[in-house]
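Coordinate inspection notes
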Amino acid sequence: MLVIGLGRFGSALAATLDRLGQDVLAVERNATLAQQWAGRIPLVEADATNPEALEQLGARDFPVAVVGVGSSLEASVLITGNLVDMGTPQIWAKAVSAEHGRILQRIGAHHVVFPEADAGNRVAHLVSGKLMDYIEVEDGFTIVKMRPPKEMQGFTVEQSKVRTRYGVTVIGVKPPGQEFIYATPQTRISANDLLVVSGHSELLERFAARP
């Protein structure tokens, strides 16, 4: 995988991919940043806004490229455009605003991500209620980790009828000191359990607001 830009987003992404055993090559044109990461991850110091530089480092051979440049709209667009022209099968690009995201999509980015907005949305849910983790997957479909409302405690998933009443689905349960298990209709919920629940974000927010 090719990761272009070693700011906070790109460096965290590249380091994690490398730790997971993925073949990753990072590209950074800032000499100071490149020096900071030299020897820690596979790295080339180059200007990816220059299509010739991308050709020289073999970017055409990578099936997946991530454009982590967000501080410069012009650089982000140029790099993404270069990758599109090279026919990169999967291009992920970071956007810092809705307008930035629309431009990236129009020029051919396959996936546009909003790290700051996504993180802010997630943290807002965590600090404002009983949710212990919050992941919005796509189009409002969300998965959360939470404590069970009182009306579920002591009852099975089937007895609590949360899907009928609230439109959400309990997909996993973690009893104290044990690993998560997949929930079945017969799974009994206790006050100290952790639940993994899926559904539309608005329905989950209503369900999490239950006492």
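See above for the structure.
Residues numbered from 1 in each chain as written. Predicted model: local features only at pLDDT ≥ 70, side-chain atom pairs only at ≥ 80, totals over all residues. Heavy atoms only, no water.

A word on the sheet that holds strand β9 (residues 169-174)
Heads up, the rule is: When DSSP finds two or more bridges between a pair of strands, those strands are recorded as paired. In this text, helices come from DSSP runs of H or I with a minimum length of four residues, and strands from runs of E with a minimum of two, each type numbered from the N-terminal end. Only heavy atoms matter for contacts: two residues are in contact if any of them lie within 4.5 Å across the pair. For helices, the axis comes from a line fit to the C-alpha atoms of the stretch in contact; other axes are also lines fit to C-alpha atoms, and the angle between any two N-to-C directions lies between 0 and 180 degrees.
The strand order β7-β8-β11-β9-β10 describes an open sheet built from five strands, whose pairing is antiparallel. Strands with a single pairing partner mark the edges of an open sheet, and in this sheet they are β7 (131-138) and β10 (181-182). In terms of strand pairing, β9 meets strand β11 (residues 194-200) through five bridges, oriented antiparallel. Pairing of T169 across the sheet is with S198, part of β11. Where helix α9 (residues 201-208) meets the sheet, its contacts fall on β7, β8 (141-146) and β11, and the angle it forms with β11 comes to roughly 140°.

A look at the sheet that holds strand β4 (residues 64-67)
Sheet architecture is open: six strands sit in the order β3-β2-β1-β4-β5-β6, paired in parallel fashion. Single-partner strands in this sheet number two, and they are β3 (43-45) and β6 (111-113). With strand direction ignored, the average angle separating the axes of adjacent strands in the sheet is 20°. Bridge analysis of strand β1 (residues 2-4) against β4 gives three bridges, and the strand direction is parallel. For I4, the partnering residue across the bridge sits in β4 and is V67.

Comments concerning the packing of aromatic side chains
Applicable threshold: Between 30 and 60 degrees the pair is tilted, below 30 it is stacked and above 60 it is edge-to-face, where a pair is any two Phe, Tyr or Trp rings, Trp via its six-membered ring, whose centres lie within 6.5 Å. To sort residues, take the accessible area from a 1.4 Å probe on protein chains only and compare it with the maximum for the residue type: under 20% means buried, over 50% means exposed, and anything in between is partly exposed. Charge-over-ring placement is defined geometrically: NZ (Lys) or CZ (Arg) within 6 Å of the ring centre, and within 35 degrees of the ring normal.
Counted by the stated rule, this structure contains one aromatic pair. Note on Y166 and F207: the rings are 5.3 Å apart at their centroids and 50° apart in plane angle, and the pair reads as tilted. Separated by 41 residues along the polypeptide, Y166 in helix α8 (residues 162-166) and F207 in helix α9 bring together distant segments of the chain. Judged on exposure class, the residue Y166 and its partner F207 are both buried. Its guanidinium or amino end placed over the ring of W37, R40 lies 3.9 Å from that ring's centre, counting from NZ or CZ.

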